[in-house]
Amino acid sequence: MSINDAAHESSTGATWAPIPRGSHFGLANLPYGVAVIDDRPMVVTRVGDGVLPVAYALAGRPEWADLFADGNLDRFLATGPETWAGVRAELRRFFLDKGQARELIPVSGLRLVLPFTVGDYVDFYASLDHATNLGRLFRPDSEPLLPNWRRLPVGYHGRSRGIVVSGTRVVRPAGLVRAGDEVVRRPCAQLDYEVEVGFVIGGSNHGRPVGVDSADSHVFGVVLVNDWSARDIQAFEYQPLGPMLGKSFATSVSPWVVPLEAVKPYLLQQPRQEPEPDSVLRGTRPWVLDLALDVSVNGTTVGATNAAGLYWTFAQQLAHLTSNGSLIGPGDFYATGTVSGPGETERGSLIEAAWRGANPVKLADGSERSWLLDGDEVLIRGRFGPEGSGVGLGEVVGRVVPDEVDASMFLP
Ligand SMILES: O=C(O)/C=C/C(=O)CC(=O)CC(=O)O
Ligand SMILES: [Ca+2]
Ligand SMILES: [Mg+2]
């Protein structure tokens, strides 16, 4: 179990910490999370299957250790790239030659909570394949891609209070849906997942646009996202202003914020975009994530793809968000949009995989799914680079539970 991954070790130096083969949490990762330890939330990092309170490794830098005293990442996020790099270097040093294995706390059995206070939340729509599929499914009588889609990274504002940490149960929402010629309020009958990648912003832009090639000064880290979607509610409510209650009930994120610094070796050059985007949306540095993603329902893989296929990069999305002088601040959060690829097995949502019920997905137990049922567990994983890279986002998981909102809960 505790075999260090040789390939990983040679590129990053040897650590005393045991790292199981295939772990997403090699020494090159050093993510941040918050675990409840002795009834108190504590900021921790993780190597292999062991976690360590960050402040413990910062004993020589009390001013940095203090940034974590609130039991969340908020003050650390507000600092900026220099402090992020300094703390990361201290953590690395600790795992190379300072600590010892008995100082690590096993991750199993720890309760992990949302590690930062979520500010503003935006969800984009960056996958050409996903946008084309959803256009076909939602608007079969028109062009799947609207004229703006290749000109700017289309997105909508989500509700940050809907963001929950992995493991949180997902209550089936109820809402107004079309039923033949009627409109009725009922529990969602078309519950779906969306495989996405999320970005945690640190620092602020003071109202100045963030250039595409400066994204790494403002994006602190990366997580996995499941943007749970009630397709019947969404289909009735979304025109002309976009999704709202069909999405806001729950958006699950993985508990480990992986620093963008750890992801840099897995950034690729963006393919040419046609038409060439507006100058504000042009960059020259590599911003495409080599991130293998897969999603399973009750243990059966129902989709697998790579975020490298996204049309718009997260750097272009941030540039777009701030291009009008709109403020960003620590804890703001945005997501890529559903990651789908061109192949039938590469679809990042069930509405696409089952083609809105026309072609139900088969699970290993012999059952079929057009939409999620109560009790279903959806698990998304994401790994940077090749198998054994030692850098991944871990997983985000959620289980669907029945609608609990009964009429008596509404005020008269
Ligand atoms: O095309 C539409 O009308 C709606 C699409 C979505 O549900 C997209 C969404 O949440 C953004 C994304 O995840 O790509
Ligand atoms: Ca989405
Ligand atoms: Mg959602």
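Analysis parameters
Residues numbered from 1 in each chain as written. Chains lettered and ligands numbered in written order. Predicted model: local features only at pLDDT ≥ 70, side-chain atom pairs only at ≥ 80, totals over all residues. Heavy atoms only, no water. UniProt positions renumbered as here; feature names shortened; annotations may be inferred. Helix = DSSP H or I, 4+ residues; strand = E, 2+ residues; numbered from the N terminus. Buried < 20%, exposed > 50% of the residue type's maximum accessible area, 1.4 Å probe, protein only. Contact = heavy atoms within 4.5 Å. Lys, Arg positive; Asp, Glu negative; His and termini not counted. Charge placed at Lys NZ, Arg CZ, Asp CG, Glu CD. Pairing = 2+ DSSP bridges. Expected span 1.5 Å × (residues − 1). Donors = N, O, S within 2.8 Å, 3.2 Å for Na, K, Ca; no water. pLDDT = per-residue confidence, 0-100. Polar contact = N/O pair within 3.5 Å; in protein donor to acceptor, adjacent residues only side chain to side chain. Phe/Tyr/Trp six-rings, centres within 6.5 Å; stacked < 30°, edge-to-face > 60°.

- The chain is annotated in an unreviewed UniProt entry as fumarylacetoacetase of Ammonicoccus fulvus.
- Taken verbatim from the UniProt record of the chain, the Pathway (unreviewed entry) comment is "Amino-acid degradation; L-phenylalanine degradation; acetoacetate and fumarate from L-phenylalanine: step 6/6."

Focus: the overall build of the chain
Right, on to step 1. Along its length, the chain carries 11 helices and 26 strands.
Right, on to step 2. Along the first, second and third principal axes, the C-alpha set of the chain runs to 70 × 50 × 45 Å.
Right, on to step 3. Within the chain, the proportion of its 412 residues that are buried is 55%.
Right, on to step 4. At a minimum sequence separation of 6, the contacts of the chain that also span at least 24 residues come to 71%.
Right, on to step 5. Taking the 36 positively charged and 48 negatively charged side chains of the chain as two groups, their mean positions are separated by 2 Å.

Examining the sheet that holds strand β26 (residues 392-401)
Right, on to step 1. Ordered by their spatial adjacency, five strands build an open sheet running β9-β26-β25-β20-β21, and the pairing between neighbours is mixed. Edge positions in the sheet fall to β9 (170-171) and β21 (300-306), since each of these pairs with one other strand and no more.
Right, on to step 2. In this sheet, β26 lies alongside β9 in parallel orientation, the contact comprising two bridges. Its bridge partner being in β26, V170 is matched across the sheet by V400.

Comments concerning helix α5 (residues 81-98)
Right, on to step 1. Counted at 1.5 Å a residue, the expected span for α5 with its 18 residues is 26 Å, and the 24 Å between its end C-alpha atoms agrees.
Right, on to step 2. Where α5 is concerned, the buried positions are T83, W84, G86, V87, R88, E90, L91, F94 and F95.

Describing the coordination of the calcium ion (ligand 2)
Right, on to step 1. Distances from the calcium ion (ligand 2) to its protein donors, D123 (OD), E194 (OE), E196 (OE) and D227 (OD), fall within 2.2 to 2.3 Å.
Right, on to step 2. Written as a sequence motif, the donor residues of the calcium ion (ligand 2) are D-x70-E-x1-E-x30-D. With D123 in strand β6 (residues 121-124) and E196 in strand β13 (residues 195-201), the pair connects residues that are 73 residues apart, well separated along the chain.
Right, on to step 3. Accessibility expressed as a relative area gives 2% for D123, which makes it buried.
Right, on to step 4. Judged by its relative accessible area of 0%, E196 falls in the buried class.

Description of the confidence of the model for the chain
Right, on to step 1. Per-chain confidence: the chain averages 95 in pLDDT, with 95% of residues scoring 70 or above.
Right, on to step 2. Between residues 1-11, whose pLDDT stays under 50, and residues either more than four places distant or in other chains, the model counts 25 contacts.
Right, on to step 3. Here the complex is predicted with pTM 0.95, and the ipTM for its interfaces comes to 0.93.

Let's talk about the environment of T313
Right, on to step 1. Counting through the fold element by element, T313 comes out in the loop between β21 and α10 (314-322).
Right, on to step 2. Taking C-alpha positions, T313 is 17 Å from P342, a pair spaced 29 residues apart along the chain.
Right, on to step 3. Excluding anything up to four places from it in sequence, T313 contacts Q270, W287 and V288.
Right, on to step 4. From its side chain, T313 meets the backbone nitrogen of Q316 in a polar contact 3.0 Å long.

A word on the packing of aromatic side chains
Right, on to step 1. Inspection of the entire model under this criterion finds 21 aromatic pairs.
Right, on to step 2. Judged by centre distance (6.0 Å) and plane angle (85°), the rings of F124 and Y334 are edge-to-face. In this pair, F124 sits in strand β6 while Y334 sits in strand β22 (residues 333-335), placing the two residues 210 residues apart along the sequence. Judged on exposure class, the residue F124 and its partner Y334 are both buried.
Right, on to step 3. Measuring from ring centre to ring centre gives 5.2 Å for W149 and Y311, while their planes differ by 50°; the resulting arrangement is tilted. Taken together, the residues W149 in the loop between α6 (128-138) and β7 (155-157) and Y311 in the loop between β21 and α10 connect sequence positions 162 residues apart.
Right, on to step 4. For Y311, a relative accessible area of 12% gives the class buried.

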